[in-house]
Amino acid sequence: MKKVSGAKVVTTLQALESPLPVEIQEALGELVGAAREGLLALSVGVGLGVVHELMEREVDEVVGPKGKWNLDRTAKRHGYEDGSMTLGGRRVKVRRPRMRTADDERELPVGTYEYFADRDPLTRAVIDRMLAGVSTRRFADVGEPVGSEVERSSSSTGKTAVSEMFIERTRTALGELMGRRLDDVRLAVMMVDGLEIADRTHVVALGITTDGVKIPLGLWEGSTENATLARTLLADLVDRGLDPEQAILFVIDGGKALRRAIKDVFGEHALVHRCHRHKERNVTDLLPERDRDTVRARMRAAWTLSDPELARERLELLASELDQTWPDAAGSLREGMHDTLTLIRLGITGQLAKTLCSTNPCESMLEIVRYTQRNVKRWQDGDMRKRWTAAGMLVAEQQFRRIIGYRDLATLVIAIERHTLHAAPEDQVRQEVAEPVTV
């Protein structure tokens, strides 16, 4: 082991005890003060120092070292001006350097400042907090402390500024949702459902790809019982590139106008499945409380059968029994009964059948939309409703996972294609019989 002399030890101790330079002591003092106000305050304080250093270095690289004459220079310093950048969910004031060309013809950008001055981090913070239920008045209160000095000079956290940024961002979200190109999207299922907002209905479409990935397709304000709207919303998807010849299963809530629109836009052979949960509610709402559980259980038992004809017979038997006591419920059960058996006719069973027998995957997305809107007290106009719904749908998309039973989607697509091939010759035969033969 190497021995250390007493003199060296004394010298080392003296060095450790000697005071640090004043500049370093001041810098450490500022850091300690910022750290006491919170980690984000410390980070913002350090960040501002780093940003200023980076801007000065960029100017030095373009103009050359300060105070050193250069005959070949192409740019020169042009003083400083006030600017701002986003740090800690706020707009923070900074002094930014300026540069101009050597001939004074134009000003040169400072790339470092433009990068950090980008408002996107702030608008993302605004939309995240607003959709989480934070009001515009409390936006600044829920943010982490960034230091008293920075807080005093910060901006863009007031009610009006936050509201304007949220409107701008949600309007962008609505444009992104309604402008998505669908040329390369290969769908296996499309679900259409409605959401009630301030006495208005939003019709939303959710696509499920052949890989089991869920994609929000669009949003329209109206009703699935509105024939013009239903046709418009589906035609819009085709206009955005969706191939109408794809083998798609349409799962809907039962609107007759929507069903007709599907046939008009995607052809007579388009397969429609009626949501079991909607059908259950429609029937049981017309029954007394004591009979609801029994009727619901019998309907579900019929839908679990693998033979579509046997399932139809069970449902018809139930409807005939209801005719004696509750004829309205019987009529509701018979209405659209054929479409409630589509999955059985296609031979789809197991987990995939449980997933697709209702519009629950779409309803899950709508639940997230409702949650993001829970604190809105006053709806001003249709644009506001659509902006909030679109933003909520995009938030839901970030939480999407592949549907349960996605491995059997290939079987579904093959079954739909087989149905289309078998239906086409039958239609051709009926058409030839109907048309007179000219000799």
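Residues numbered from 1 in each chain as written. Predicted model: local features only at pLDDT ≥ 70, side-chain atom pairs only at ≥ 80, totals over all residues. Heavy atoms only, no water.

1. A word on the nonpolar core
Piece 1. Core analysis: the biggest nonpolar cluster contains 36 residues, and Val-189, Leu-249, Leu-346, Leu-356, Met-365, Leu-409 and Leu-412 have the highest contact counts within it.
Piece 2. Ranked by size, the runner-up nonpolar core spans 25 residues in total, among them Leu-187, Ile-215, Leu-217 and Ala-230. (Core = buried A, V, L, I, M, F, W, Y, C linked by side-chain atoms within 4.5 Å. Buried < 20%, exposed > 50% of the residue type's maximum accessible area, 1.4 Å probe, protein only.)

2. So, unusual backbone geometry
Peptide bonds are trans in most cases, and residues, glycine excluded, mostly fall at negative phi.
Piece 1. Its identity is not glycine, yet Asp-104 carries a phi of approximately 65 degrees, on the positive side.
Piece 2. As for its placement among the helices and strands, Asp-104 is situated in the loop between β2 (90–101) and β3 (107–108).
Piece 3. Residue Asp-104 is classed as partly exposed on the basis of its relative accessible area of 38%. (Helix = DSSP H or I, 4+ residues; strand = E, 2+ residues; numbered from the N terminus.)

3. Remarks on the pairing of strand β6 (residues 214–221)
Piece 1. Taken across its eight residues, β6 has seven buried, putting it largely inside the fold.
Piece 2. Pairing analysis gives seven bridges linking strand β5 (residues 200–209) to β6, with the strands arranged antiparallel. Along β6, the bridge assignment pairs Ala-205 with Gly-218. (Pairing = 2+ DSSP bridges.)

4. Quick word on the sheet that holds β6
Piece 1. Spatially, the five strands line up as an open sheet ordered β6-β5-β4-β7-β8, and their pairing is mixed. Two strands close off the open sheet at either side, each with one partner strand: β6 and β8 (271–274). Looking at each pair of strands side by side, their axes are set apart by 20 degrees on average, direction ignored.
Piece 2. In terms of strand pairing, strand β4 (residues 187–197) meets strand β7 (residues 249–252) through four bridges, oriented parallel. (Axes fitted to C-alpha atoms, helices over the stretch in contact; angles between N-to-C directions.)

These figures capture arrangement, not role.
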